[in-house]
Amino acid sequence: MNGFFLVLDGIDGAGKSTHLAFIQEFLANERIETIYTREPGGTPLSERLRDILLNKNNKIHHDSETLLMFAARSQHLQQRIYPALQQGKWVISDRFTDASYAYQSGGRQMPDSRIATIENWVQGDFRPDMTIIFDVPVAVSQERVAKARQKDRFEQEDPAFFERVRQAYLRQAAKNPHRYAVIDSNQDKEMVQNHLQHILSGCLKQWRANK
Ligand code: TYD
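Predicted model only: the values in this text are computed from it and were never measured. (Residues numbered from 1 in each chain as written. Predicted model: local features only at pLDDT ≥ 70, side-chain atom pairs only at ≥ 80, totals over all residues. Heavy atoms only, no water.)

Participant: Residue-level account of the pattern of salt bridges, with values.
Facilitator: For the coordinates displayed, the defined rule picks out 13 salt bridges. Between R38 and E47 there is a salt bridge, and its shortest N-O distance comes to 2.7 Å. Classification of R38 by relative accessible area gives partly exposed; the value is 34%. Its relative accessible area of 24% is what places E47 among the partly exposed residues. Among the salt bridges present, the one from D63 reaches R114, with a minimum N-O distance of 3.6 Å. Residue D63 is found in helix α3 (residues 62-86), and its partner R114 is found in helix α5 (residues 112-123); the two are separated by 51 residues along the sequence. Connected through salt bridges with shared partners, the residues E65, R108, R153 and E157 form a single ionic network. (Salt bridge = Lys/Arg side-chain N within 4 Å of Asp/Glu carboxyl O. Buried < 20%, exposed > 50% of the residue type's maximum accessible area, 1.4 Å probe, protein only. Helix = DSSP H or I, 4+ residues; strand = E, 2+ residues; numbered from the N terminus.)

Written out as structure tokens, the structure reads:
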């Protein structure tokens, strides 16, 4: 596939959305053809699954939650991500499979190996070209979420859950340092953007060299 698959991930309240505008501007200046999408979601069916998954009134078994995440992901890959990458576009996704390792395995304490089995079943050996993890201490993220909005089904969880989620993201990044970047998102916006610019320039260089 000729495109580039870039994923933004991190615990709720880590600042992904805040920095998206900067990423959009950077790629637009480089005249890169880009689509922006999110998980769970990104297609009509996957957005319906998102509504079910995030609705705090739904009681969902942990196994069912994982399978619904991957059902949404499978549709997203087939209908949206693969076609765009085949056309040579960049795909920027707000979350992807690392969120399943972080929330369903880390947070919900399901064994990593089960996520890996479903990941391989749904994706084969397809993985993002680069995943940027926005990292902040749990206390900071909780303060941001409390200020910003009504909490969804995941955001209701306690700080210990989010500590496990955070550590799972950091473990994922440490396992494959060549295709992950961790940004300290608990610093000035300008500092975060400098780091982001550095990462994005590296991605562009890698992509142009492989074209
Ligand atoms: P989020 O991306 O935080 O959206 P918003 O910024 O609108 O709140 O919401 C998605 C939630 O879904 C988030 O709490 C993490 C969770 N999630 C999983 O538990 N597993 C997954 O595989 C994915 C993609 C998301």
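Participant: So what's going on with the site of the ligand? Residues and values would help.
Facilitator: D12, R73, R95, S100 and Q104 are the nearest of the 17 residues found near the ligand. Between the ligand and the protein, one listed contact pairs an oxygen atom with a side-chain N or O atom of R95 at 2.7 Å. For the shell around the ligand, the secondary structure elements donating two or more residues are α2 (44-54), α3 and α4 (97-107). For the shell around the ligand, the element with the most residues is α4, which contributes four residues. Residue composition of the shell around the ligand, grouped by class: six nonpolar, two polar and nine charged. (Near = heavy atom within 4 Å. Polar contact = N/O pair within 3.5 Å; in protein donor to acceptor, adjacent residues only side chain to side chain. Nonpolar A, V, L, I, M, F, W, Y, C, P; charged D, E, K, R; others polar.)

Participant: Residue-level account of the packing of α3 against α4, with values.
Facilitator: Two measures define how a pair of helices packs: the angle their axes make with one another and the distance between the axes. At a minimum axis separation of 11 Å, α3 and α4 run at an interaxial angle of 175°. With respect to their mutual orientation, α3 and α4 come out roughly antiparallel. Within the contact between the two elements, α3 uses E65, T66, M69, F70 and R73 and α4 uses T97, S100 and Q104. Its residues assigned to classes, the contact of α3 with α4 comprises two nonpolar, four polar and two charged. (Axes fitted to C-alpha atoms, helices over the stretch in contact; angles between N-to-C directions. Parallel < 35°, antiparallel > 145°, perpendicular 65-115°, else oblique. Contact = heavy atoms within 4.5 Å.)

Participant: Let's hear about the nonpolar core: which residues, and what values?
Facilitator: Ranked by internal contacts, the top residues of the largest apolar core, which has 42 residues, are I11, W90, Y103 and I132. Tallying contributions element by element places helix α8 (residues 189-210) first for this core, with seven residues. Not counting residues up to four positions away in its chain, the partners in contact with I132 are L6, V7, L8, D9, A181, I183, L196 and I199. Formed by 17 residues, the second largest nonpolar core is a distinct cluster that contains F5, A84, L85 and M110. (Core = buried A, V, L, I, M, F, W, Y, C linked by side-chain atoms within 4.5 Å.)

Participant: How would you explain unusual backbone geometry if you had to name every residue and give the values?
Facilitator: Across the junction of E39 and P40, the peptide omega takes the value -15°, indicating a cis bond. Along the chain, P40 turns up in the loop between β2 (34-38) and α2. Its identity as a non-glycine residue notwithstanding, R31 has a phi of 55°, on the positive side. Inspection of the secondary structure puts R31 in the loop between α1 (16-29) and β2. You can call R31 exposed: its relative accessible area is 76%.

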